[in-house]
Amino acid sequence: YRENRSLDVSKLVLPYTGLHPDLQGFRLVHLTDIHAGPFISFDTIAEIVTRANGLKPDLIVMTGDYINHNPNYVDGCLKILDELEAPAGVLGVYGNHDYYTGISTMRAAFGKTQISMLSDSQGVAKGLEGLLNIVGADDPVSGWATDARFRNLTQVSRLILPERFNLLLSHRPGIFRICQEWNV
């Protein structure tokens, strides 16, 4: 409830050996936990979108909790998020608050946008087919951030492709302890 007063941009350079030349210098913007509602205004979300686009990313990924829990904010929030722009696309996964809001409402609203939502599935980065594999794990909607039990880990693990650079998206950071051997 306080963090919305100042937007924070963290810039990280992540070195990888053996990276395909088309992925070297690749710029990714990651947005998470927007929580549109009475404490996060549409003006704040519009500022987030403007700043994200201003970073000139190759790809934008989002990892859930777009709405705090009131479905009245869905259309306004997603109309603004649909203005995100990146040549390789905009992809996301759902968080627990998106389920609290009403997952069928969220899925229908995202279906009207250019944003590709992943739910225990793979996504495509435009222009990087065959190089970058994006996998989205659905939120378990249970437990805390680090101890949630994911329902379809076997299915998600089968989506990892050893010959590609694999990017795993999840609202819950606990999955990254689980998938240490997955080459993500």
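Conventions and cut-offs
Residues numbered from 1 in each chain as written. Predicted model: local features only at pLDDT ≥ 70, side-chain atom pairs only at ≥ 80, totals over all residues. Heavy atoms only, no water. Helix = DSSP H or I, 4+ residues; strand = E, 2+ residues; numbered from the N terminus. Rg over C-alpha atoms; globule rule 2.2 N^0.38 Å. Buried < 20%, exposed > 50% of the residue type's maximum accessible area, 1.4 Å probe, protein only. Contact = heavy atoms within 4.5 Å. Areas by Shrake-Rupley, 256 points an atom, 1.4 Å probe, with all protein chains shown as cover. Lys, Arg positive; Asp, Glu negative; His and termini not counted. Charge placed at Lys NZ, Arg CZ, Asp CG, Glu CD. Patch = residues over 30% accessible without salt bridge, like charges linked within 9 Å, V, L, I, M, F, W, Y side chains within 5 Å. Salt bridge = Lys/Arg side-chain N within 4 Å of Asp/Glu carboxyl O. Polar contact = N/O pair within 3.5 Å; in protein donor to acceptor, adjacent residues only side chain to side chain. Arc of directions from axis to C-beta.

**Student:** Help me out: how do you make sense of the overall build of the chain in this one?
**Tutor:** In terms of regular secondary structure, the chain is built from five helices and seven strands. Secondary structure elements of the chain occur, N-terminal to C-terminal, as β-α-β-α-β-α-β-β-β-α-β-α. In summary, the chain has a C-alpha radius of gyration of 16 Å against a globular reference of 16 Å for 184 residues, a match within 12%. Burial statistics for the chain: of 184 residues in total, 46% are counted as buried. Here the analysis covers contacts within the chain between residues at least 6 apart in sequence; of these, 78% occur between residues at least 24 apart. Of the roughly 10,400 Å² of accessible surface on the chain, 51% is carried by carbon and sulfur atoms. Within the chain, the 20 negative side-chain charges are centred at a point lying 2 Å from the centre of the 16 positive side-chain charges.

**Student:** Help me understand a nonpolar patch on the surface in this model?
**Tutor:** Together, L12, L14 and Y16 make up a nonpolar patch on the protein surface, roughly 370 Å² of accessible area in all. Within the fold, Y16 resides in the segment before β1 (28-31).

**Student:** Explain the side chain of N133 to me, please; I cannot follow it from the model alone.
**Tutor:** When you line up the elements, N133 lands in strand β6 (residues 132-136). Judged by its relative accessible area of 2%, N133 is buried. At 3.0 Å, the side chain of N133 and the side chain of Q122 are in polar contact. Sequence-distant contacts of N133, defined by excluding residues within four places in its chain, comprise Q122, L159, I160, L161, R164, F165, N166 and L167.

**Student:** Would you mind showing me how to read helix α2 (residues 74-81) here?
**Tutor:** Think of an α-helix as 3.6 residues a turn; residues three or four steps apart then line up on the same face. Looking at α2, one finds that the buried residues are V74, C77, L78, I80 and L81. Looking straight down α2, one finds that the buried residues subtend no more than 155 degrees of arc, so they occupy a single side. For α2, the exposed residues lying more than 90 degrees away from the buried face are D75 and K79. Against α1 (42-54), β2 (59-63) and α3 (96-110) lie the buried residues of α2.

**Student:** Just to check I follow, could you spell out the pattern of salt bridges for this structure?
**Tutor:** When the charged atoms of two side chains with opposite charge come close together, those side chains can pair. Considering all chains together, one arrives at one salt bridge under this definition. D139 is paired through a salt bridge with R172; the nearest N and O atoms lie 2.9 Å apart. Placement of D139 in the loop between β6 and α4 (153-158) and of R172 in the loop between β7 (165-169) and α5 (175-178) is noted, with a sequence separation of 33 residues between them. Side by side, D139 and R172 carry an identical accessibility label, which is buried.

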